[in-house]
Amino acid sequence: MKNNKSLFVYCLLLIFSTAATRAQSYSGGNYPNYSITLRSDYPSKSVLVTDLFKDRFGDQSPIIGAANWTDSGRQLQCRSLLKFNYIFLPGMIVNDPSLITSAELILYPVLVGAVQNDQATPTKFYVRRVLENWEDTATMWMNQPPADSIMQVKEVMKKKQKNKPVSIDVTGLVMDMIRFGNNGFMICHDNSPEQSITSGHWFASPKNEDETIRPLLVIHYRSNWLPPVNGRSLFSAEDIVREMDMKIMKQNLPGTNGPVMEPVREPVTEPVKTNPVKD
């Protein structure tokens, strides 16, 4: 009887020791890191608006970006709205956005008209979080939604960066979108243009005919899932449903239009990364 009791105590100690070891090995930031890439063309939602034509829609524009110029003494500007579909984000970061380690908005430059003459000078624009819902087929300058000008990212692109894809750090914006509602990004100038800054910079939109240069949103996050124990998965029912929906969606889409979730890997071509500034 005494031997059986000793064996029982030993088994308990072994179980607790194993559990503690597992917990320690996945504490302090040692959880697996993953990334999910969202395409802007599933479904596509973007618009280019201008105060030159305040009552015109720009939902079919092949470009997005920001511009600021003077015409006959009148100050004019363009700005863009862009939204990604967050429905297939992993449930863990929907419930806990703090698991996001970084988020990159990747835009591909497009040369448009007179802008080609401004390649030797820097370009400045802002990326903001849109605060209200909008429909691309009904949005124009006159009814554009407001955006958060407090938590914003300022980008200054130098001459050597202009012909390369740009990776914009939108980590804080994406985390706030998940917490407070995803209404997308606004790309714009501020209201006090500087003479040393070019009139505009343009990128391919989700409607661009070249699918390879449409905007992407890459979200890096750490997983709080522990490995399966004795063959039993620790995924929640919600996570499993999301994973099944994602697989079905990929099967029904041509090419690779759906989101792609995979372990973090080094990109084949590294986009130019600029230094975000919180104004």
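Note that the structure is a prediction, hence the values are computed from the model and not measured.

Core analysis: the largest hydrophobic core is formed by 33 residues, its most contacted members being Y86, V170, V174, F185, L217 and I219. Other than its neighbours up to four places away in sequence, V170 contacts A103, E104, L105, V127, F185 and L217. Residues V47, W134, W141 and M186 belong to the second largest nonpolar core, which totals nine residues.

As a further point, take the environment of T139. Relative to the helices and strands, T139 resides in the loop between β6 (123-130) and β7 (147-157). Spatially, the C-alpha atom of T139 lies 9.0 Å from that of D55, the residues being 84 residues apart in sequence. Sequence-distant contacts of T139, that is, excluding residues within four places in its chain, are made with V47, V49, R56, F57, G58, L81, W134, Q144 and P145. There is a polar contact of 2.6 Å between the side chain of T139 and the backbone oxygen of E135.

Let us look at the pairing of strand β3 (residues 63-71). Remark: a regular strand shows side chains that alternate across the two faces of the sheet. Inspection of the sheet shows β3 paired to strand β10 (residues 200-204) by five bridges, in the antiparallel sense. By the bridge assignment, I63 is partnered in β10 with A204. Judged from the five bridges that link them, β3 and strand β4 (residues 74-82) form a sheet pairing that is antiparallel. Bridging from a neighbouring strand, T70 pairs with Q75 of β4. Hairpin remark: β3 followed by β4, antiparallel, with two residues in the connecting loop; positive phi at S72, about 55 degrees.

Our focus in this paragraph is the packing of aromatic side chains. Any pair of aromatic rings gets described here by the distance separating the centres and the angle formed by the planes. Tallying each qualifying case throughout the model produces three aromatic pairs. Measuring from ring centre to ring centre gives 5.7 Å for F125 and F203, while their planes differ by 65 degrees; the resulting arrangement is edge-to-face. Within this pair, whereas F125 is found in strand β6, its partner F203 is found in strand β10, the two being separated by 78 residues in sequence. For the pair shown, F125 and F203 are each scored as buried. The lysine or arginine in question, K45, covers the ring of W134, its NZ or CZ lying 4.7 Å from the ring centre.

Using the criterion set out here, one finds five salt bridges in the structure. Note that D136 and K207 form a salt bridge whose closest N and O atoms lie 3.6 Å from each other. Here the residue D136 occupies a position in the loop between β6 and β7, and K207 occupies one in the loop between β10 and β11 (216-222), the gap between them amounting to 71 residues. For the pair formed by D136 and K207, the shared burial category is buried. Because the salt bridges share partners, they merge into one network encompassing R39, D41 and R214.

Turning next to the confidence of the model for the protein. On average, residues of the protein score 76 in pLDDT, and 62% of them reach the 70 mark or higher. Segment residues 7-29 is flagged for pLDDT under 50; beyond a separation of four residues in sequence, or across chains, it makes nine contacts in the model. Taken together, the stretch residues 262-270 has pLDDT below 50 and engages in nine contacts with residues farther than four places along the chain or on a different chain.

What follows is about helix α3 (residues 171-180). Where burial is concerned, most of α3 is hidden: seven out of the 10 residues are buried. Inspection of α3 places T171, L173, V174, M175, D176, M177 and I178 among the buried residues, and these make up the whole buried set.

For β6, the tally of buried residues reaches eight of eight residues, placing the bulk of the element in the interior. With eight bridges joining them, β6 and β7 adopt antiparallel strand pairing. Each bridged residue has a counterpart across the sheet, and for K124 the counterpart in β7 is V156. Sheet analysis places β6 next to strand β9 (residues 185-188), joined by four bridges and oriented antiparallel. Opposite V127, over in β9, you have I187 as the bridge partner.

Definitions and limits used
- Residues numbered from 1 in each chain as written.
- Predicted model: local features only at pLDDT ≥ 70, side-chain atom pairs only at ≥ 80, totals over all residues.
- Heavy atoms only, no water.
- Core = buried A, V, L, I, M, F, W, Y, C linked by side-chain atoms within 4.5 Å.
- Buried < 20%, exposed > 50% of the residue type's maximum accessible area, 1.4 Å probe, protein only.
- Contact = heavy atoms within 4.5 Å.
- Helix = DSSP H or I, 4+ residues; strand = E, 2+ residues; numbered from the N terminus.
- Polar contact = N/O pair within 3.5 Å; in protein donor to acceptor, adjacent residues only side chain to side chain.
- Pairing = 2+ DSSP bridges.
- Phe/Tyr/Trp six-rings, centres within 6.5 Å; stacked < 30°, edge-to-face > 60°.
- Lys NZ or Arg CZ within 6 Å of the ring centre and 35° of its normal.
- Salt bridge = Lys/Arg side-chain N within 4 Å of Asp/Glu carboxyl O.
- pLDDT = per-residue confidence, 0-100.

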